[in-house]
Amino acid sequence: MKTSRRYLALGLETCGRILEDGRRANSSFVSLSGSNRVRGRTSGHVPVMVDKVVDFMQPEKCQLIVDMTFGAGGHTRKLLEKSSTVRIVCLDRDPVAFSYAQKLQLEYPDQVLPLHGKFSDLPSLLEAHNIGQNSIDAMLFDFGSSSMQFDDPNRGFALSKDGPLDMRMNTSEEDSVTAADVLAHASERDLHKILKIYGEEPQAKQIAKALVETRTSYGCLRKTSQLKDLVEQTLQNQIRLDKLGRYAHVSTRVFQALRIFVNNEMNEINYAMIVAQRYLKLGGVMVTLSFHSLEDTIVKRHVTGNVSENAANELPMRLYSFSLTFPQESLEPKAKTCWRQINKHVITPDDLEIASNPRSRSAKLRACVKIR
């Protein structure tokens, strides 16, 4: 699959270079010791817009559903409660989430199939279980990180909890790059790109410069608190608010950018849209929950057919030049989308849900049907 758009292509080449630099470097990084398992109950993660998701997916009419982002299993459990016959494939790249899916399989041995891997692993995983293309009734995507990842300081996702700068969703992957590796070896130019594109950080250039200067003068950053404090000192006079008008720390976008880069999230989401198109039946339903504009943009481009060479285009169709002309036969395939949107506009949580689950405040739900 070719991924030529800027927010898709940035990850792989830079990530490979950082990994190679890290292997050659004689400076040591923080040792990620201790358990990566979340202590306590799994109920800390509250599924977003769960009733709307169930309504769109209609599990009582489905034979086979794939939950592409199982997490703590909130959506899957609700689907299982609605139907005693539906089978659900539970995919997640996080080893902790996979263990939760295995536990759920013990409760529903004939209905739940846990799979460990990322979106791009799904075709081979399904093939191993004799599940082919055009055979799935519904697919659910709940993008981003789960609450259990943010709540465990050893994972390094949350700026509010001190821990190692890891940020990998799959901590069991060998030779995978951590956030500490990125900050230790990426050039100032690469750091600027990562923060600007993946974090949409307006002060990306200033922060990238400060990161490199700190690395050169004082050594590599190894803790989330060190990164948080550095960004805070770099942007001393800035005050930022979230969508609820509450105080938001100035390093929030920096943490987001590093997490997206470390986990190659944009390429994975782009791949996931192609997988959904090929594995859903005609009339199959795809439901997506996105939490920032980069995720939603990729979904929207695929759903509306604004795709070239299997990658979401960088610009919406309305911004393309009117001076360009193309032969009709080359445009016809591009003008035909495989999807019909069930809801014309994105659905967002109501005030009551946001009040009870503030992490849902930025969620956007899209639901569509495969029509060709």
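It should be noted that the structure appears before, not after, this text.
Read on for a plain summary of the structure. Here the structure is a predicted model, which is why all the values come from computation and not from measurement.

A look at the nonpolar core
And then number 1: By size, the foremost hydrophobic cluster in this structure holds 65 residues, and its most contacted members are Met-139, Phe-141 and Leu-227.
And then number 2: By size, the runner-up hydrophobic cluster in this structure holds 33 residues, among which are Ile-65, Ala-97, Tyr-100 and Leu-140.

As for the sheet that holds strand 2 (residues 87–92)
And then number 1: Spatial ordering of the open sheet is given by 3-2-1-4-7-11-10, a layout of seven strands whose pairing is mixed. Both outer strands of the open sheet, strand 3 (112–116) and strand 10 (339–341), are each paired with one neighbouring strand and no more. Between one strand and the next, the sheet's axes are offset by a mean angle of 20°, whatever the strand orientation.
And then number 2: Pairing analysis gives four bridges linking strand 1 (residues 64–67) to strand 2, with the strands arranged parallel. Each bridged residue has a counterpart across the sheet, and for Asp-67 the counterpart in strand 2 is Cys-90.
And then number 3: Running over the sheet, helix 4 (residues 95–107) touches strand 2 and strand 3 and is turned about 160° from strand 3.
And then number 4: Contacting strand 4 (136–142), strand 7 (280–290), strand 10 and strand 11 (364–370), helix 12 (residues 265–279) crosses the sheet at an angle of about 155° to strand 7.

A word on the packing of aromatic side chains
And then number 1: As enumerated under the stated definition, the model contains five aromatic pairs in all.
And then number 2: With centroids separated by 5.5 Å and ring planes inclined at 25°, the aromatic side chains of Phe-141 and Phe-143 adopt a geometry described as stacked.
And then number 3: Phe-141 sits in the buried class, given a relative accessible area of 0%.
And then number 4: Judged by relative accessible area, which is 3%, Phe-143 ranks as buried.
And then number 5: Their ring planes at 65° and their centres at 6.1 Å tell us that Phe-150 and Phe-157 sit as a pair that is edge-to-face.
And then number 6: By relative accessible area, Phe-150 is classed as partly exposed at 24%.
And then number 7: With relative accessibility at 4%, the residue Phe-157 sits in the buried group.
And then number 8: In this structure an aromatic cluster arises from ring pairing among Phe-119, Phe-141 and Phe-143.

Overview of the pairing of strand 11
And then number 1: Across the seven residues of strand 11, six count as buried, placing the element largely inside the fold.
And then number 2: Relative to strand 11, strand 7 is paired through six bridges, and the arrangement is antiparallel. If you follow Met-286 over to strand 11, its bridge partner there is Cys-368.
And then number 3: The pairing of strand 10 with strand 11 spans three bridges and is antiparallel. The residue of strand 11 that forms the bridge with Trp-339 is Lys-370.

Section: helix 4
And then number 1: Taking 1.5 Å per residue as the helical rise, helix 4 with its 13 residues ought to reach 18 Å, and the 19 Å between its terminal C-alpha atoms agrees with that figure.
And then number 2: Looking only at helix 4, the buried set comprises Val-96, Ala-97, Phe-98, Ser-99, Tyr-100, Ala-101 and Leu-104.
And then number 3: Where the residues of helix 4 are buried, they touch helix 3 (74–82), strand 2, strand 3 and helix 6 (147–151).

What about the pattern of salt bridges?
And then number 1: Enumeration over the complete set of coordinates arrives at 10 salt bridges.
And then number 2: When the shortest N-O distance is used, the salt bridge between Lys-281 and Asp-137 registers 3.1 Å. Of this pair, Lys-281 sits in strand 7 while Asp-137 sits in strand 4, and the two are 144 residues apart along the sequence.
And then number 3: On the basis of relative accessibility, which here comes to 14%, the residue Asp-137 falls in the buried class.
And then number 4: Between Arg-259 and Glu-265 there is a salt bridge, and its shortest N-O distance comes to 2.8 Å. The same class applies to Arg-259 and to Glu-265, which are both buried.
And then number 5: Overlapping salt bridges bring together Lys-118, Asp-121 and Glu-173 as one network.

Details of the environment of Ser-176
And then number 1: Examined against the element boundaries, Ser-176 turns out to sit in the loop between helix 6 and helix 7 (179–185).
And then number 2: Taking the C-alpha atoms as reference, Ser-176 lies 8.3 Å from Val-262; in sequence the two are 86 residues apart.
And then number 3: Filtering out sequence-adjacent residues up to four positions away, Ser-176 remains in contact with Arg-168, Asn-170 and Asp-181.
And then number 4: Here Arg-168 takes part through its side chain, which lies 2.9 Å from a polar atom of the side chain of Ser-176.
And then number 5: Within the local environment of Ser-176, its side chain forms a polar contact with the backbone oxygen of Glu-173, the two atoms lying 3.0 Å apart.

Conventions and cut-offs
Residues numbered from 1 in each chain as written. Predicted model: local features only at pLDDT ≥ 70, side-chain atom pairs only at ≥ 80, totals over all residues. Heavy atoms only, no water. Core = buried A, V, L, I, M, F, W, Y, C linked by side-chain atoms within 4.5 Å. Buried < 20%, exposed > 50% of the residue type's maximum accessible area, 1.4 Å probe, protein only. Pairing = 2+ DSSP bridges. Helix = DSSP H or I, 4+ residues; strand = E, 2+ residues; numbered from the N terminus. Axes fitted to C-alpha atoms, helices over the stretch in contact; angles between N-to-C directions. Contact = heavy atoms within 4.5 Å. Phe/Tyr/Trp six-rings, centres within 6.5 Å; stacked < 30°, edge-to-face > 60°. Expected span 1.5 Å × (residues − 1). Salt bridge = Lys/Arg side-chain N within 4 Å of Asp/Glu carboxyl O. Polar contact = N/O pair within 3.5 Å; in protein donor to acceptor, adjacent residues only side chain to side chain.

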